[in-house]
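Report on the structure
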Amino acid sequence: MEIKEEDTVIKKKKSVLSTIVKAFLWIIASVLFLIMLILILIQTSFVQNFARKKIVSYLHGKLNTKIEIGKLDIDFPTTLSLQNVFIEDQSKDTLLYGKELKVNMDMAKLISK
């Protein structure tokens with residue numbers, strides 16, 4: 001009788017431990033999947049165009065001047081390129097124009113700080 005009770009207690013402990021391990025592995029796998037999905041989506045023109053519009057809108061609101069960015073190209077994790085960039089100053093004169101502004105950086109280090 002006592003052996004059966006001990007077996008059921010051991011089985012219950014193993015079952016609970018197994019459930020906890022499975023839940024933990026699902027959480028880790030889900031986080032890794034989301035990170036991979038984000039890294040893939042950053043490479044798409046749709047997401048880059050969305051980010052470009054958000055950047056232009058933010059800068060226009062902050063600076064109250066005309067801002068144009070023709071294209072945003074993110075080559076994760078090393079390069080950020082802005083093409084056909086135009087920034088007007090407060091007196092409606094050209095403050096900055098660039099055919100291509102390219103930044104080479106280690107985005108992994110940037111994100112980790």
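Here we summarise the structure given alongside this text. Remember, it's a predicted structure, so these values are computed and weren't measured experimentally.

1. What to know about the overall build of the protein
What the protein contains, in helices and strands, is three helices and three strands. Listing the helices and strands of the protein from first to last along the sequence gives α-α-β-β-β-α. For the protein, contacts bridging at least 24 residues in sequence account for 29% of all contacts bridging at least 6.

2. Considering helix α2 (residues 45-63)
Given 3.6 residues per helical turn, the α-helix brings residues three or four places apart onto the same face. In this model α2 runs 26 Å from its N-terminal to its C-terminal C-alpha over 19 residues, within 8% of the 27 Å that 1.5 Å per residue would give. Taken together, the buried positions of α2 are Gln-48, Arg-52 and Val-56. Along the axis of α2, the buried residues cluster in a sector spanning 75°; they form a single face. Opposite the buried face of α2, at more than 90 degrees from it, the exposed residues are Phe-46, Phe-50, Lys-53, Lys-54, Tyr-58 and Lys-62. Downstream of α2 by a residue or two, Asn-64 has a phi angle that is positive, lying close to 55°.

3. So, a nonpolar patch on the surface
Taken together, the side chains of Leu-17, Val-21, Phe-24, Leu-25, Ile-27, Ile-28, Val-31, Leu-32 and Ile-35 define a hydrophobic patch exposed on the protein surface, amounting to about 860 Å² of accessible area. Here Leu-32 is to be found in helix α1 (residues 2-42).

4. What to know about the pattern of salt bridges
Taken as a whole and judged by the stated rule, the model has one salt bridge. Between Glu-68 and Lys-66 there is a salt bridge; the shortest N-O distance is 3.1 Å. Note on Glu-68: relative accessible area 37%, which makes it partly exposed.

5. Here we look at the side chain of Thr-65
On the secondary structure map, Thr-65 appears in the loop between α2 and β1 (67-75). The exposure class of Thr-65 is buried, given its relative accessible area of 5%. Engagement of the side chain of Thr-65 in a polar contact is seen with the backbone oxygen of Glu-88, the distance being 3.1 Å. Thr-65 has contacts with His-60, Glu-88, Asp-89 and Gln-90, leaving out every residue within four places of it along the chain.

Here is what the cut-offs are and how they apply
Residues numbered from 1 in each chain as written. Predicted model: local features only at pLDDT ≥ 70, side-chain atom pairs only at ≥ 80, totals over all residues. Heavy atoms only, no water. Helix = DSSP H or I, 4+ residues; strand = E, 2+ residues; numbered from the N terminus. Contact = heavy atoms within 4.5 Å. Expected span 1.5 Å × (residues − 1). Buried < 20%, exposed > 50% of the residue type's maximum accessible area, 1.4 Å probe, protein only. Arc of directions from axis to C-beta. Patch = residues over 30% accessible without salt bridge, like charges linked within 9 Å, V, L, I, M, F, W, Y side chains within 5 Å. Areas by Shrake-Rupley, 256 points an atom, 1.4 Å probe, with all protein chains shown as cover. Salt bridge = Lys/Arg side-chain N within 4 Å of Asp/Glu carboxyl O. Polar contact = N/O pair within 3.5 Å; in protein donor to acceptor, adjacent residues only side chain to side chain.

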